[in-house]
Every structure is written in C-alpha cells, then in structure tokens.
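Notes for the structure review
Here's the letter readout for the chains.
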Amino acid sequence: PTPLMRLIDWIADYTLSPPGMVLRLGLRVPEALHSPKPSVMFERAMPGTERLTPVRQRVMAVLEDGLAHSARELTERAGASPAVIKAMADGGRINRIERIVEPAYAWPDLSTTRAELSPDQRRAAQTLIKEPSGFKVSLLQGVTGSGKTEVYFEAVADCLARGRQVLILLPEIALSVQFLARFENRFGVKPAQWHSDVPIAERRRVWRAAALGTAPVVVGARSALFLPLPDLGLIIVDEEHDSAFKQEDGVIYHARDMAVVRARLGDIPIILSSATPALETQVNVDRGRYQHVVLAARHGLAEMPAITAVDMRRERLSGQKFISGSLARALGETLERGEQSLLFLNRRGYAPLTLCRHCGHRMACPDCSAWLIEHRFEQRLVCHHCGHGRRQPDTCPNCERAHSFVACGPGVERLIEEASELLPDARIAILSSDQNTSPRDVRAVIDAFGRNEIDVLIGTQIVAKGHHFPNLTLVGVVDADLGLHGADPRAGERTFQLLNQVAGRAGRAEKPGRVLVQTFDPSNPVMRALVAGDSSAFYAAQKSERSFDAMPPFGRLAALILSGPDLDDVTASANALAKSAPTGPDVSVLGPAPAALARIRGMHRLRLLLKAPRGGNLSQIVREWIARAPPAAHVRLIIDVDPQSFL
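Residues numbered from 1 in each chain as written. Predicted model: local features only at pLDDT ≥ 70, side-chain atom pairs only at ≥ 80, totals over all residues. Heavy atoms only, no water.

Inspection of every chain in the model, using the stated rule, returns 11 aromatic pairs. Seen from their ring centres, Phe153 and Phe183 are 5.8 Å apart, and the 85° between their planes marks the pair as edge-to-face. Residue Phe153 is located in helix H7 (residues 148–161), and its partner Phe183 is located in helix H8 (residues 176–187); the two are separated by 30 residues in the primary sequence. Phe183 sits in the buried class, given a relative accessible area of 0%. Between Phe226 and Tyr253, the ring centres sit 5.4 Å apart and the planes meet at 85°, which makes this aromatic pair edge-to-face. Of the two residues, Phe226 sits in the loop between strand S7 (217–220) and strand S8 (232–238) while Tyr253 sits in the loop between S8 and helix H10 (255–266), which places them 27 residues apart along the sequence. Classification of Phe226 by relative accessible area gives buried; the value is 1%. Owing to a relative accessible area of 4%, Tyr253 belongs among the buried residues under this scheme. (Phe/Tyr/Trp six-rings, centres within 6.5 Å; stacked < 30°, edge-to-face > 60°. Helix = DSSP H or I, 4+ residues; strand = E, 2+ residues; numbered from the N terminus. Buried < 20%, exposed > 50% of the residue type's maximum accessible area, 1.4 Å probe, protein only.)

Structure, rendered in structure tokens:
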C-alpha cells in the first residue's frame, strides 16, 4: 500500500538506514508473495441413479450448497471417512477439483454482548469515535483497572462496522495471552497474530491475509507495523510508554512514533493507551497535538490499592534475606484469607553477582564487560548480554580455593527459596522469561494463577502489566530502587511507570488491594509520588528538569556507537568524529566515552552523543557529520536517533 511505501522511505531517511533494510521489515515472509498451492476440493456431480448409503447421503447433503469443500470439511460435517470421500470421487459421484484457497480470518461479530460500560467509559468511547476518519492522535489515559481496553474496543468495533482493518500493537508477546481472550470474548473470534513466536506457516498466512484485506484485525508486536494492510482504518498502541516498542538493532526505530507517522501518512486515527504515558506523549498533549481522553477511576466497585513504602534501612535484615518483616507478615495474612500475592523483582536468575568469599574474585563474562548471573535452577552462570554460559567452577580461578563462591543479591530464583521458607504451605510459582520461554508457558502460569491454583506469584516485569487477577490483593515490590540510578535521563520516569503498573495489579475487583514497596530511598521523588498517588506532580517535576536541561522531549538527541575488535581502531574513528563534530546554536557533542557496556561479544564500544534543539533536521546534521569523518573499515557505526537506551 502507498502509505506503507511512504513510511518505509520516511523511516529510512529519519533513522539514516539503507532503504532496503527498512523494506525488508515489510517482506519478512517472502514466500507469502507467491500464491498458495492449489488445494484438492470436492463438489457435487450430476445426479446418479444408484442408491446411496446413509453416509454417502450425508456427504451429498453437505454438497447441496453448490460450493466446493475440502476432504477434511466433508469428513467432519458428514461423519464420513476419507476412504468414503475418495471412493465417491473415483466413482464419479462427486467431482475432484483444484482450487487456490486464499487465507482469511473470520470477521468479528459486532452483535455480541458488550461489556457494560460506566458513564465515564461511554463518554471516553464516544470521544474516540466522534470523528472516525482522518488523521488524529488520541491519548487514552486511565488508571490501572479503569477499563481502557474495553473503551478502545468500541473504536475497534466502529472501524470494523465501516469495513476497514485495524492494527493493535502490544509491547510484548506475553501481553497477548489475556488480551486475545478478552478480544475473543468481545468479538466472538480471535484476531490474526503477528510476532516472532508465530510459526512461519502461520506468519505466511497472516501476511497474505493482511495484504489481501481478509485479516480484519491484526494484533502484534512492533514488527506488525510493517504489514501491508491495504484498508487500514485505525491503529492502537497499547501501553504506549513501554520501552519494548523501541527496536534496538538493525533498523533502530520506535514503533509508537512510527505508528503515528503511518497514521498521518494514511490519514487515519491512532489511539495511544496507557496508565502512565511517556513524557513525550504528555508534552504533545500539552501542545495541543494530541487529543486527551481520561479515565480517572477504576471500573465498577474496584478502588486503587493503598501503597506503603517500607524503609529497608530500618529492617536490619541479614545478608541472605530480602523480604522485610512487614512484607512477610502481609504475605502470611493474605494467604490466611485465601487471597493471592504477587512479589515483583525485575531481575532474572538467582543472583546478579557471584564472587569468591576469600579473594573477592568476580565471575565475569569473557566477551562482555558484565558479570555472569547465576541461574541455580539450570546450575549455570549466564551472561544476559551475549548468552555466554558455563557451569560454576568448583574452585576459584584466582585463589584456587574450593567451594568458595557466594551469591550476592537477589534474583527471582533466590526469592522463591525465601518465600518458600516463610510460607511452607503456600503454592508458589515464578513467571519470568528464563523460566517461561514461550507464550504457551506464560499462558499456563497466568491461567493457573487466574484459577487460584497459585498462592504467590514471583515475577519480573512480565507480570507488571496487562494482567487482571480478581483475587490478587497484595503486591510486594522487593527492590524498588532497581533501575533508579545511572546515566539514563529517563530512569526516574521508567521506574515510576513500571512500579505504577505492577502496583496496579492489586485490588482490581471487589476486594481491596495493598502494595508494599521496599526501598532504601523513601524520600526519592519516584517513591513519594508512588505512595501519594500523585503522578501529576511527578510528571510536572520531570518536565521542569528536562526542559531546564533541554533534554527530550524539549531537545533532541542522537547517539553514535562505534564498535570493533580493536580498541585502537575504534578510538581513532571516534576521535576523528569528535574533531569534525557539528557546531551551531545550542548544538553540542558529548564524548567519545566508553559505553556503559564497554565490550559486548568481544567488540569494544565507544559512544558520542549529539544534543540539538527541537525543530532542526537532526538526521541531516548526523548525515553530514558522518560524511566528514567516515569510520574505518573494521569499525562498525550504529546511529540511534532519539535513543531510549544508554548502554
């Protein structure tokens, strides 16, 4: 479709990527360009005079509609065996023909019973569909549990009623587990799915159905943005603030921002949905570029949970304990009431650091500037950046002491040990990408928790959003300070968004919820805003800080990351770029400096950061800069316009 071709050119220019690389994002399944192989079908032949058995009579009755049917369909509907179908075709009683059957998905049933919307939800839905055509960006902002999904489902129904296609983007595959069930409950059918875990044959079917207009609704990860939907009438970006929408390798782009561009190029509306919108999105609302639709209260009888900060400086836990006394008591009380708890720790594995208790030697990745993470369930030490893994040695490589290694800090695997000691009778499970490697595994755990077959669920950020558990009344955040510090200017915003999302899992039905947030810095603005439930003040402070420093969204950034096997070559190229750095009003270049991860997979990494005011053509500035000092042949240059990660 023309809007998609224009988007491909636009992204190539904006991200300084070769157009062919961007085009490839839309052609991930090249075999889908070829028509399917003909399928053998059967249709009714001229009436015969011989008497038919009851089974053959049923086959003929199915074919009375005059349509061609597959052997499978005939066997299922007529209760006949494949041998009967073959015999009837060989005998000329039915005709065997070949037909090309194009993939198609059932059109959603718009007459199914809808959820009963509250007055606020109805007003929000009416606002979203008030102007059903033409480019318009709407931010649907609602507290966790306010029913944002049901509201934008009304916009989906309105678009489908006009015979047009809908694209719904989700930040992570795991979010699709409950989302697909909600969609099917609302519309009577499942949508087409597009993400990396979809088998290649199904992806071929989805791509072709999308291109032919026979996939009315596609739900997918960020790559679904490049599906060739010819009659796209609405785009929805759920959890629009989520950093998973940023593609960090290959063509580096932000799917939320590019979805807005695709909507503009196609002259169609787009809805961005979130409880904690990105600061960039909020500033666009402030400037009048985006429509703002707000759901301020939870749906039905549910109320927002009470949030309490637990000052870990006063807990005086031993070095091997990570659950405070306050949280331990709350877990026991919740279990006694027959209710469920969630323990959140955004750290996979057993422990983030393994060192020798005698000499202090740390087990590090041989190819990256990172420590190896212990995964005790697998009895391995693993690098989370390159995937390098090994068994933990029996002796220290440095001092050769036997059995001297000790795990430092908690991961979710370590947390389940401690929780099991506190609650020996509780049914406890882990939900993380290490333990649950496929959507099927994730769904199994989520379904079991939803059926109250698990008392305590311990999870990483995979549990933080998109899930609804009516009997979950307690959320404990084990290390709320994780991610707060570092060079990332969005650290505070991201931590607030993540903790707000995980806190929102509690008390989503009639039973009241509570959240205990363990922190060593309760006076931090993130913790104060979270406990007070005052997101407005927090975001106002964030806007003020970013505006003062001219940081996004009040300024522009572009990161240049140089990498190579030889540090001297990388340094020489980085210094050459620094010497030819662009100059101008409010334009500055920081670096070169070692990246936070100075070596990954054996490649040394240096970064430069270009800072420029809004309104200028940042991509063109970078393009001219690189032309003045192209990197050496063995040095790789990655350009990240509007970076989200500073590793």
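Next comes the rest of the description.
A word on helix H11 (residues 279–286). Burial analysis of H11 places seven of its eight residues in the buried class, the great majority of the element. Among the residues of H11, Leu279, Glu280, Thr281, Gln282, Val283, Asn284 and Val285 are the ones counted as buried. For H11, the secondary structure elements touched by its buried residues are strand S4 (136–142), H10, strand S9 (269–274), strand S10 (291–295), helix H15 (491–503) and helix H17 (535–549). Positive phi shows up at Gly288, right after H11, with a value of about 80°. (Contact = heavy atoms within 4.5 Å.)

Considering soluble globular proteins, one finds that nonpolar side chains tend to be buried as a cluster. Counting residues in hydrophobic clusters, the biggest one holds 65 residues, and the most contacted among them are Phe226 and Ile270. Take this core: its biggest share by element is seven residues, from H10. Here Ile270 is in contact with Phe135, Lys136, Val137, Ser138, Ile235, Val237, Ala259, Val260 and Ala263, once residues within four sequence places are set aside. Residues Ala448, Phe449, Val477 and Leu499 belong to the second largest nonpolar core, which totals 37 residues. (Core = buried A, V, L, I, M, F, W, Y, C linked by side-chain atoms within 4.5 Å.)

Bringing empty space enclosed by the protein into the picture now. Under the definition given, this model contains two cavities of 30 Å³ or more. Its volume calculated, the largest cavity comes out at about 90 Å³. Considering the residues around the largest cavity, the lining is formed by 14 residues, among which Leu128, Ile129, Ala155, Leu234 and Pro269 are closest to the centre. If you list the elements that add at least two residues to the lining of the largest cavity, you get S4, H7 and S9. Empty space within the second largest cavity amounts to approximately 60 Å³. Taken together, Leu170, Glu172, Ile173, Ser176, Gln193, His195, Val219, Gly220 and Ala221 make up the lining of the second largest cavity. For the lining of the second largest cavity, the class distribution of residues is four nonpolar, four polar and one charged. (1 Å grid on protein atoms, 1.4 Å probe; cavity = no way out; pocket = protein on both sides within 12 Å on 5 of 7 lines; lining within 4 Å. Points joined across faces, edges and corners; volume = space filled by probe spheres on them. Nonpolar A, V, L, I, M, F, W, Y, C, P; charged D, E, K, R; others polar.)

A few words on the environment of Ser39. Locating Ser39 in the fold gives a position in strand S1 (residues 39–44). Residue Ser39 is classed as partly exposed on the basis of its relative accessible area, which comes to 30%. A sequence separation of 61 residues divides Ser39 from Ile100, and the C-alpha atoms of the two residues are 6.0 Å apart. Once residues within four sequence positions are removed from consideration, Ser39 is found in contact with Ile97, Glu98, Arg99 and Val101.

Attention now moves to the sheet that holds strand S19 (residues 456–459). Overall, parallel pairing links the six strands, which are arranged S11-S21-S20-S12-S19-S18 in an open sheet. The sheet is open, and its two borders are formed by strand S11 (306–311) and strand S18 (428–431), each paired with just one other strand. When the angles between neighbouring strand axes are averaged without regard to direction, this sheet yields 20°. Where S11 lies against strand S21 (residues 514–519), six bridges are found, and the strand directions are parallel. Counted as the bridge partner of Asp311 is Thr519 from S21. The strands touched by helix H14 (residues 439–450) are strand S12 (340–344), S18, S19 and strand S20 (472–477); relative to S18, the strand with the most contacts, the crossing angle is about 140°. Each of S11 and S21 is contacted by helix H16 (residues 525–532), which is oriented at about 145° to S11, the strand it contacts most. (Pairing = 2+ DSSP bridges. Axes fitted to C-alpha atoms, helices over the stretch in contact; angles between N-to-C directions.)

What follows concerns helix H3 (residues 54–62). Here H3 has its buried residues at Val59, Met60 and Val62. The buried residues of H3 occupy one face: seen down the axis, they fall within an arc of 160°. Those residues of H3 that are buried lie in contact with S1, strand S2 (69–70), helix H4 (71–78), helix H5 (82–90) and strand S3 (94–99). (Arc of directions from axis to C-beta.)

Its boundaries defined by the atoms lining it, the second largest pocket holds a volume of some 990 Å³. Considering the residues around the second largest pocket, the lining is formed by 38 residues, among which Tyr14, Asp257, Asn284, Arg614 and Asp642 are closest to the centre. When contributions to the lining of the second largest pocket are tallied by element, the ones reaching two or more residues are helix H1 (2–15), H10, H11, strand S22 (555–564) and helix H19 (618–628). Grouping the constituent residues of the lining of the second largest pocket by class yields 16 nonpolar, 10 polar and 12 charged.

Note: strand S23 (residues 588–600) against strand S24 (residues 603–613), seven bridges, orientation antiparallel. Across the sheet, residue Leu590 finds its bridge partner in S24, namely Leu609. If you look at the hairpin formed by S23 and S24, you'll find two residues sitting between the two strands, and Arg601 has a positive phi there, around 55°.

Glancing now at the sheet that holds strand S16 (residues 389–390). Ordered by their spatial adjacency, three strands build an open sheet running S14-S15-S16, and the pairing between neighbours is antiparallel. Of all the strands in the sheet, the pair left with one neighbour each is strand S14 (373–375) and S16. Pairing of strand S15 (residues 380–382) with S16 involves two bridges; the strand directions are antiparallel. Each bridged residue has a counterpart across the sheet, and for Leu381 the counterpart in S16 is Arg390.

A few words now on the packing of H1 against H10. For the pair H1 and H10, interaxial distance at closest approach is 9 Å and the crossing angle is 135°. By the angle class used here, H1 and H10 are oblique. Read as a crossing pair, H1 and H10 show a hand that is right-handed. Contacts from Pro3, Leu4, Arg6, Leu7, Trp10, Ile11 and Tyr14 of H1 reach H10 at Met258, Val261, Arg262, Arg264, Leu265 and Gly266. A class-by-class count of the residues in the contact of H1 with H10 yields nine nonpolar, one polar and three charged. (Parallel < 35°, antiparallel > 145°, perpendicular 65-115°, else oblique. Left-handed = near helix turned anticlockwise from the far one by under 90°.)

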